[in-house]
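For reference, the chains in residue letters:
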2 protein chains.
Amino acid sequence: MDDGAALPHVVILGGGFGGLAAARALAGAPVRVTLVDRRNHHLFQPLLYQVATAGLSAPSIAAPLRQILRKQDNVTVLLDEALDVDLAAQRVHFAHEMLGYDFLIVATGATHAYFGHDDWARWAPGLKTLDDAFAVRRRVLLAFERAEREDHPARRQAWLNFVVVGGGPTGVELAGTLAEIARHTLPREFRRSDPRRARVLLVEAGPRLLPAFDPTLSAKAQRQLERLGVEVQIGTAVTAIDGEGVCLGNVPLEAYTVLWAAGVAASPLGRRLDAPTDRAGRVRVAADLSLPAHPEVFVIGDLACVECTDGTRVPGVAPAAKQMGRHVAARIRACLDADSTPAPFHYRDQGALATIGRMAAVAQFGRLRLSGPPAWWVWLLAHVYFLIGFRNRLVVLLDWAWAYWTYQRHARIVTGADAVDVPTADKRPSDIP
Amino acid sequence: MDDGAALPHVVILGGGFGGLAAARALAGAPVRVTLVDRRNHHLFQPLLYQVATAGLSAPSIAAPLRQILRKQDNVTVLLDEALDVDLAAQRVHFAHEMLGYDFLIVATGATHAYFGHDDWARWAPGLKTLDDAFAVRRRVLLAFERAEREDHPARRQAWLNFVVVGGGPTGVELAGTLAEIARHTLPREFRRSDPRRARVLLVEAGPRLLPAFDPTLSAKAQRQLERLGVEVQIGTAVTAIDGEGVCLGNVPLEAYTVLWAAGVAASPLGRRLDAPTDRAGRVRVAADLSLPAHPEVFVIGDLACVECTDGTRVPGVAPAAKQMGRHVAARIRACLDADSTPAPFHYRDQGALATIGRMAAVAQFGRLRLSGPPAWWVWLLAHVYFLIGFRNRLVVLLDWAWAYWTYQRHARIVTGADAVDVPTADKRPSDIP
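Calculation rules
Residues numbered from 1 in each chain as written. Chains lettered and ligands numbered in written order. Predicted model: local features only at pLDDT ≥ 70, side-chain atom pairs only at ≥ 80, totals over all residues. Heavy atoms only, no water. Helix = DSSP H or I, 4+ residues; strand = E, 2+ residues; numbered from the N terminus. Rg over C-alpha atoms; globule rule 2.2 N^0.38 Å. Buried < 20%, exposed > 50% of the residue type's maximum accessible area, 1.4 Å probe, protein only. Contact = heavy atoms within 4.5 Å. Areas by Shrake-Rupley, 256 points an atom, 1.4 Å probe, with all protein chains shown as cover. UniProt positions renumbered as here; feature names shortened; annotations may be inferred. Salt bridge = Lys/Arg side-chain N within 4 Å of Asp/Glu carboxyl O. Phe/Tyr/Trp six-rings, centres within 6.5 Å; stacked < 30°, edge-to-face > 60°. Polar contact = N/O pair within 3.5 Å; in protein donor to acceptor, adjacent residues only side chain to side chain. Pairing = 2+ DSSP bridges. Axes fitted to C-alpha atoms, helices over the stretch in contact; angles between N-to-C directions. Buried area = accessible area lost by both parts, 1.4 Å probe. Nonpolar A, V, L, I, M, F, W, Y, C, P; charged D, E, K, R; others polar. Least-squares fit on C-alpha atoms with pLDDT ≥ 70 in both. Parallel < 35°, antiparallel > 145°, perpendicular 65-115°, else oblique. Left-handed = near helix turned anticlockwise from the far one by under 90°. Expected span 1.5 Å × (residues − 1). Domains from an automatic or database assignment. Core = buried A, V, L, I, M, F, W, Y, C linked by side-chain atoms within 4.5 Å.

**With respect to the overall build of chain A**
Turning to step 1, where the next piece is worked out: When you go through chain A residue by residue, the secondary structure sums to 10 helices and 25 strands.
Turning to step 2, where the next piece is worked out: Its C-alpha radius of gyration of 23 Å places chain A within 12% of the 22 Å reference for a compact globule of 433 residues.
Turning to step 3, where the next piece is worked out: For chain A, the spread of C-alpha atoms along the three principal axes comes to 70 × 50 × 45 Å.
Turning to step 4, where the next piece is worked out: Counting over 433 residues, chain A shows a buried share of 60%.
Turning to step 5, where the next piece is worked out: Partitioning the contacts of chain A with sequence separation of at least 6, the portion at a separation of at least 24 is 66%.
Turning to step 6, where the next piece is worked out: Accessible area for chain A stands at about 16,900 Å²; split by element, carbon and sulfur atoms hold 55% of it.

Take a look at the structure:
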């Protein structure tokens, strides 16, 4: 590639909130920017659970990176996956080529982790990519289909038992939505089984839901979930997951649909930057988000382990990633102006939001605490506002309004080779006629 | 299953236009209806090419069969695939159960055929299901991505050569849309390659495009396509397709993206009804659409080979399938009233429409012939009108308006395991760095 060009070359790995914010903040800067992502699209992850639960279609929360950046002439977008970084030679290695850099921004994020139980992945899909969301959607919709075909009462109930593991925002959102689907969306549509008999369990090993929130809001969130029909189990560890169900502590539960919303593991690229990492594989960066030994390399977003001035960790949320992206872009501009005084990153907490169901949510901004309808309206406006692209916002609003009044969910489409059987069906007793 | 129930049992195989119309026409009739489809959704196939070309998202043209029929209490929807029909015992065989029937309506449709070259399927995907559409979308979008990464001029051009095989409506629609994408949607977004250098070839073995239309319209369609930049090759047979490209007659062309819009093969179930079939496997039914030897079994839609009174064949289009569905529903109601005088099916030609690009289309209704903007407006209104579900119509209109003004296509999302590599890339020279 023409690394001979005059301008300094900034390589950004990852087109999530952090990488995209960095690229945009470098608009007009005297640099060549190359943004590399292994997907062709930026994903608005906060609404991914709605794709997984058939409330939104994928294009409503994903936009092609090329399209987002097409007017920024100093950016080249490449579809590829970085395999390694040669810090000494300042080169990124891909399967078929290398890319030299003057500045490197690593923003490859995190994925879900199974705490060393990788065999659970097959039975309990996580939720990080659009493909994950399609897999979850397929499992959930087919579970109700299989229940309709199952004559054996215990197995029919096992098809109607849904276990969501992890009491963070994603787990809360998934559980609340599943309960709504079972109680309001599907009942009229089945003749042999009754979707209202579905059980939705939300299992959290810690002492409360939404640990990032104020304890009073955790309690309110739990009450709102229980009002929706979700069974919340706090302080309960999942000790086993297989084709038959789960073990909660040492209590087995037959459940053919288990969803994983717990555990985060940083992108493996983090371990190849010869810098210290935390237990989850996040890179411990300097105060200015650069690598201790490499001021020209920055790590941002979920991949970075950053301490706030008050000693707490910067949370792995979109606003933090965006702030980091803008910070490193400013750092690079400063370096170009030969100003090498390392400015430390300061995280501005913009508050936290979690939705639970219709008119049910929790929110906190500094000392302000909201729950119920007020929090829900804030959540709705905030998420629509931050969605990328005018069209997406309009369509999402339309979808939500439609879903709100009709209780229907428009994306209830099962695709994929296994449109008839759930991926793991071969292992299920219910498959023997 | 409880075939012991009092009411006669009508089993409908297939939830396409024909099967769905039959089920709806049996609303309120003194029968139990079981509609079986191997997909959970009814697909509005006339717009499938727009999902394949990233103009629409899947849920906009597909609706769950359960949702469509939820208010019709005498219908049970099952997600399953019929493997065989026992005409003597009046039973349908599935993998895990059997279903007895008093009346059977077989509406399992057709898929694309490769004229005995099944090995072409791998290189030239067809377009019948949503999964087909996603595969085509992935190929097309990734071809432009690969061109951007390819330094070898000839191979870069091979990534920018698109061959559409088959000059029917689907082929015409695909070719026209691809030309628009290359010329209007993508150019600003690539830095190394120029999407405007893409070549879109539409290859038809017969003497003209759109054989179902009046010859004057075929010529007009060809002119409109050529104005969009499509290279139309008439009377040209494709003699080979592989990982390198195609042979047109005996002229080889390097093209890494080949789309198949030719050839139709009826559902294999048709051959298991011990009735005569035509070359494409369509079942030759009696004048009332029943099997010659089995008045209680009807075959409708693309699976049926029906002659009009004037000797021409009823075309494999949605209006014909719907008319057949309503006809057999009426026949069944008549039989229940002990009226066994077989009423023959009469096809009412509602005209033909094919779109080519923005403001470009052809239409004929009886003696009326339209092309260009008037035909395009008729096409647009007709397709939106016939789309299932108020919400879909609204969203589709919104998507189209947005795409029309911005030239953008909102569903340009690549998903699937091979989001980085095209499925066949392993066979491509361009993969060696």
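**Some details on the UniProt feature "domain: FAD/NAD(P)-binding" (unreviewed entry) in chain A**
Turning to step 1, where the next piece is worked out: Mapped onto the present numbering, the UniProt feature "domain: FAD/NAD(P)-binding" (unreviewed entry) falls at residues 9–325 of chain A.
Turning to step 2, where the next piece is worked out: Overall, residues 9–325 of chain A shows 27% helix and 27% strand. The separation of its end C-alpha atoms is 16 Å.

**Looking at the pattern of salt bridges**
Pairing is possible between side chains of opposite charge, provided their charged atoms come close.
Turning to step 1, where the next piece is worked out: As enumerated under the stated definition, the model contains 28 salt bridges over all chains in all.
Turning to step 2, where the next piece is worked out: Between Arg-39 of chain B and Asp-131 of chain B there is a salt bridge; the shortest N-O distance is 3.2 Å. One end of the pair, Arg-39 of chain B, is in the loop between strand S2 (32–37) and strand S3 (41–43); the other, Asp-131 of chain B, is in helix H5 (residues 130–149), and 92 residues separate them in sequence.
Turning to step 3, where the next piece is worked out: One network of salt bridges, in which partners are shared, links Asp-80 and Glu-97 of chain A together with Arg-149 of chain B.

**Quick word on the packing of aromatic side chains**
Turning to step 1, where the next piece is worked out: Tallied over the entire structure, the rule returns 18 aromatic pairs over all chains.
Turning to step 2, where the next piece is worked out: Here the aromatic cluster, defined as three or more aromatic residues joined through ring pairs, consists of Tyr-114, Phe-115, Trp-120 and Trp-260 of chain A.

**Notes on the side chain of Arg-412 of chain A**
Turning to step 1, where the next piece is worked out: As for its position among the elements, Arg-412 of chain A is in the segment after helix H10 (390–406).
Turning to step 2, where the next piece is worked out: Within the structure, Arg-412 of chain A has its side chain in polar contact with the side chain of Glu-189 of chain A (distance 2.6 Å).
Turning to step 3, where the next piece is worked out: Apart from residues lying up to four places away in sequence, Arg-412 of chain A is in contact with Ala-54, Leu-141, Thr-185, Leu-186 and Glu-189 of chain A together with Asn-40, Pro-64, Arg-66 and Gln-67 of chain B.

**Concerning the sheet that holds strand S14 (residues 238–242) of chain A**
Residue and element names in this part refer to chain A.
Turning to step 1, where the next piece is worked out: Taken in spatial order, the 3 strands make up an open sheet running S14-S15-S16, and their pairing is antiparallel. Strand pairing shows two members of the sheet lacking a second neighbour, S14 and strand S16 (251–254), which therefore form its edges. Pairs of neighbouring strands in the sheet enclose a mean axial angle of 15 degrees, with direction left out of account.
Turning to step 2, where the next piece is worked out: Bridge analysis of strand S15 (residues 245–248) against S16 gives 4 bridges, and the strand direction is antiparallel. When the bridges of S16 are listed, Val-246 appears paired with Leu-253.

**Here we look at the interface of chain A and chain B**
Turning to step 1, where the next piece is worked out: Contact residues are listed per partner, giving 57 residues for chain A and 57 residues for chain B.
Turning to step 2, where the next piece is worked out: For the chain A and chain B pair, buried surface summed over both sides reaches about 5,400 Å², with 54% attributable to carbon and sulfur atoms.
Turning to step 3, where the next piece is worked out: Across the chain A-chain B interface, the total number found is 6 salt bridges.
Turning to step 4, where the next piece is worked out: Here Glu-97 of chain A and Arg-149 of chain B are joined by a salt bridge, their closest N and O atoms 2.1 Å apart.
Turning to step 5, where the next piece is worked out: Counting across the chain A and chain B interface gives 23 residue pairs in polar contact (both at pLDDT 80 or more).
Turning to step 6, where the next piece is worked out: Those elements giving two or more residues to the side of chain A that touches chain B turn out to be strand S4 (62–64), helix H3 (65–69), strand S5 (75–79), helix H4 (130–149) and H10 of chain A.
Turning to step 7, where the next piece is worked out: The greatest single-element share of the side of chain A that touches chain B, amounting to 8 residues, is contributed by H4 of chain A.
Turning to step 8, where the next piece is worked out: Looking at the side of chain A that touches chain B residue by residue, the classes come out as 25 nonpolar, 11 polar and 21 charged.

**Quick word on the relation of the copies chain A and chain B**
Turning to step 1, where the next piece is worked out: Between chain A and chain B, which share one sequence, the superposing operator has a rotation angle of 180 degrees and an axial displacement of 0.0 Å; the RMSD is 0.0 Å. Here the transformation between the copies is reduced to the relation of a two-fold axis.
Turning to step 2, where the next piece is worked out: Looking at chain A, 100% of its interface residues are interface residues in chain B too, so the copies touch through the same face.

**Looking at the packing of H4 of chain A against helix H5 (residues 153–160) of chain A**
All names here are of chain A.
Turning to step 1, where the next piece is worked out: Between H4 and H5, the least distance of the axes is 8 Å, while the angle of their chain directions is 165 degrees. As summarised for this structure, H4 and H5 are arranged roughly antiparallel, according to the angle between their axes. Considering how the two elements wind past one another, H4 and H5 form a crossing that is left-handed. Judged by residue contacts, Ala-143, Phe-144, Arg-146, Ala-147 and Glu-148 of H4 engage Arg-156, Trp-159 and Leu-160 from H5.
Turning to step 2, where the next piece is worked out: Of the residues in the contact of H4 with H5, the class split is 5 nonpolar, no polar and 3 charged.

**Looking at helix H9 (residues 373–386) of chain A**
Turning to step 1, where the next piece is worked out: The end-to-end C-alpha distance of H9 of chain A is 20 Å, a good match for the 20 Å that 14 residues give at a rise of 1.5 Å each.
Turning to step 2, where the next piece is worked out: Within H9 of chain A the residues assigned to the buried category are Ala-375, Trp-376, Trp-379, Leu-380, Ala-382, His-383 and Val-384 of chain A.

**Quick look at the sheet that holds strand S20 (residues 290–291) of chain B**
Residue and element names in this part refer to chain B.
Turning to step 1, where the next piece is worked out: Judged by pairing direction, the sheet is mixed, and its 6 strands sit side by side in the order S5-S2-S1-S9-S21-S20 without closing on themselves. This sheet does not close on itself; its edge strands, each paired only once, are strand S5 (75–79) and S20.
Turning to step 2, where the next piece is worked out: The sheet contact formed by strand S1 (residues 9–13) and S2 spans 5 bridges and is parallel. Counted as the bridge partner of Ile-12 is Leu-35 from S2.
Turning to step 3, where the next piece is worked out: In the packing of helix H9 (residues 318–336) onto the sheet, contacts are made with S1, strand S9 (103–106) and strand S21 (294–299), and the angle to S9 comes to roughly 175 degrees.

**Examining the domain arrangement of chain A**
Residue and element names in this part refer to chain A.
Turning to step 1, where the next piece is worked out: When cut into domains, chain A gives domain 1 (9–112 + 265–337) and domain 2 (118–262).
Turning to step 2, where the next piece is worked out: Using only C-alpha atoms to locate each centre, domain 1 and domain 2 end up separated by 32 Å.
Turning to step 3, where the next piece is worked out: Taken residue by residue, the interface counts 20 residues in domain 1 and 17 residues in domain 2.
Turning to step 4, where the next piece is worked out: Sorting the residues of domain 1 by area buried against domain 2 places Tyr-49, Ala-52 and His-112 first, and these three jointly supply 38% of that buried surface.
Turning to step 5, where the next piece is worked out: Scanning the region where domain 1 abuts domain 2 turns up 1 salt bridge.
Turning to step 6, where the next piece is worked out: Where domain 1 meets domain 2, there are 5 residue pairs in polar contact (both at pLDDT 80 or more).
Turning to step 7, where the next piece is worked out: The leading source of residues in the side of domain 1 that touches domain 2 is helix H2 (residues 48–52), at 4 residues.

**Quick notes on the packing of helix H1 (residues 17–25) of chain A against helix H8 (residues 318–336) of chain A**
When two helices pack together, you describe them by how their axes are tilted relative to each other and by the distance separating the axes.
Residues and elements named next belong to chain A.
Turning to step 1, where the next piece is worked out: Here H1 crosses H8 at 35 degrees, and the two axes come no closer than 7 Å. Every pair of crossing elements has a handedness; the one defined by H1 and H8 is right-handed. Judged by residue contacts, Phe-17, Gly-18, Ala-21, Ala-22 and Ala-25 of H1 engage Ala-318, Ala-321, Lys-322, Gly-325, Arg-326, Val-328, Ala-329 and Arg-333 from H8.

**Here we look at the nonpolar core**
Considering soluble globular proteins, one finds that nonpolar side chains tend to be buried as a cluster.
Turning to step 1, where the next piece is worked out: With 67 residues, the main nonpolar core has Leu-47, Ile-61, Leu-130 and Phe-144 of chain A as its most contacted residues.
Turning to step 2, where the next piece is worked out: In terms of domain composition, this core takes at least three residues from each of domain 1 (9–112 + 265–337) and domain 2 (118–262) of chain A.
Turning to step 3, where the next piece is worked out: If we ignore the near neighbours within four places in the chain, the residues touching Leu-47 of chain A are Leu-56, Ile-61, Trp-379, His-383, Leu-387 and Trp-400 of chain A.
Turning to step 4, where the next piece is worked out: Among the nonpolar cores identified, the runner-up in size contains 66 residues, and Ala-58, Ile-61, Ala-133 and Val-230 of chain B belong to it.

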